[in-house]
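# Architecture and fold: a report
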Amino acid sequence: MKVKTYANAIRDVLGQEMKRDERIFIMGEDIGEQGGIFGCTRGLIDEFGDQRVRNTPISEAGFVGAGVGAALAGMKPVVELMYMDFTYVAMDQILNQAAKIRYMYGGKATIPLVIRGQQGIGRGNAATHSQSVEVIFMNIPGLKVAVPSTPADAAGLLRTALRDNNPIMFFEHKALYANKGEVPNDPEFAIPFGQANVVKEGTDVTIIATLLYVDKALNVANKLEKEGISAEVIDPRTLVPLDTESLVKSAKKTGRVVVVHEAHRNAGPGAEIASTITEEAFKYLDAPVLRLGAKACPLPFALNLENAVVPQEEDIERAVKDVLYK
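A brief look at the structure comes next. (Residues numbered from 1 in each chain as written. Predicted model: local features only at pLDDT ≥ 70, side-chain atom pairs only at ≥ 80, totals over all residues. Heavy atoms only, no water.)

### Notes on the sheet that holds strand β4 (residues 76-81)
What counts here: Strand pairing is assigned whenever DSSP detects at least two bridges linking the two strands. Secondary structure elements are defined from DSSP: runs of H or I of at least 4 residues count as helices, runs of E of at least 2 residues count as strands, and each element is numbered from the N terminus. Every axis corresponds to a line fitted to the C-alpha atoms, with the helix fit spanning only the stretch in contact, and the corresponding angles, defined between N-to-C directions, vary from 0 to 180 degrees.
Pairing in this open sheet of seven strands is mixed, and the strands run β3-β2-β4-β5-β7-β6-β12 from one edge to the other. Strands at the two margins of the open sheet, each flanked by one partner only, are β3 (53-55) and β12 (238-240). Recorded for the sheet is a direction-independent mean angle of 20° between the axes of neighbouring strands. Here five bridges tie strand β2 (residues 24-28) to β4, and the two strands are oriented parallel to one another. Paired with I24 across the strands is K76, a residue of β4.

### Some thoughts on the packing of aromatic side chains
The following threshold applies: Only Phe, Tyr and Trp rings take part, Trp by its six-membered ring, and two of them pair if their centres are within 6.5 Å. Stacked means planes under 30 degrees apart, edge-to-face means over 60, and tilted covers everything else. Criterion for a charge above a ring: Lys NZ or Arg CZ within 6 Å of the ring centre, and within 35 degrees of the ring normal.
Here the structure, examined in full by the defined rule, presents four aromatic pairs. Feature note: the residues Y6, F38 and Y177 constitute an aromatic cluster, connected by ring pairs. Sitting over the ring of Y213, K216 keeps its end group 5.7 Å from the ring centre.

### What to know about the sheet that holds strand β11 (residues 231-235)
If you walk across this open sheet you meet the five strands as β9-β11-β10-β13-β14, and the pairing is mixed. The open sheet has two edge strands with one neighbour each: β9 (197-200) and β14 (290-294). Going across the sheet, the axis of each strand differs from the next one's by a mean of 25°, ignoring polarity.

### Re the packing of helix α3 (residues 60-72) against helix α4 (residues 91-98)
The condition is simple: Each angle gets one of four labels, with under 35 degrees taken as roughly parallel, over 145 as roughly antiparallel, 65 to 115 as roughly perpendicular, and the rest as oblique. Contacts were defined at the residue level, with two residues in contact if any of their heavy atoms lie within 4.5 Å. Note on residue categories: nonpolar means Ala, Val, Leu, Ile, Met, Phe, Trp, Tyr, Cys or Pro, charged means Asp, Glu, Lys or Arg, and polar means any other residue, Gly included.
Across the interface, α3 lies against α4 with an axial gap of 8 Å and an inter-helix angle of 25°. As judged from the angle between their axes, α3 and α4 are roughly parallel. Packed against α3, whose contacting residues are A61, V64, G65 and V68, the element α4 presents Q93, I94, Q97 and A98 at the interface. Across the contact of α3 with α4, the residue classes tally to five nonpolar, three polar and no charged.

Right, here's the structure in full:
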């Protein structure tokens, strides 16, 4: 094992896989000499050159479309978006092209394309640079969706993504890049998609959380433990495919579930998770599944207002006690 930051775990896997497979190349804004705004490609241009680490113009529609074409032609492009909010600029390329081509060609054409970048709160980046947009891509068949919360998960899921022949949306979080954790020192370390992680076992209530909220949920669970409440914390790690078996199993064990994420509560990932658990574990539930997510407004610029829009640890604690005692 080796201690790495979340950003360095991503960079190291990119470098290892580029050595392993010459078809892999990266393109995006300021990813060359600058190494990306969060350092996830730092040093790669020195090792692999500007043909495999390619700076692009500010035209997400253009270079995402180029990524689709390169994948069709037999390459394995990694498209870095400076902010995942900018996927909205390239929706036709992602939703109508990348997601559907393999199906429309009866499996004869593959799209080994990874679109990755950061999203979320923490820096006061305001309404168009702080969104959590992963739920949009859960709704489109043909895409896989990864949401790693730790350096090890970032490394293991990214390696799986880079070896897949399908288009993958890889959502990182800007507030996690400096987080440190142990990562297996193994160039073959990979985490299968569709395999949730039980971060902490418990018996009284299940907290399902993604990305930045995994740590927040764990903090709440540790606090509640001192009060005699045993909370199980589960990180799905991928939203498509979703490990419904593990989530339902936990719900049946505890009988109470809280789902928390940074994306908007309305029609967010938690809505799909809650409905699945309700359908498959209803008779085991002792309370309705509660969802926590951002309020229905754009993300503010001021950090105090930003915090008012998204769930805080006290909100998670309150929700847990609601499903336990109300």
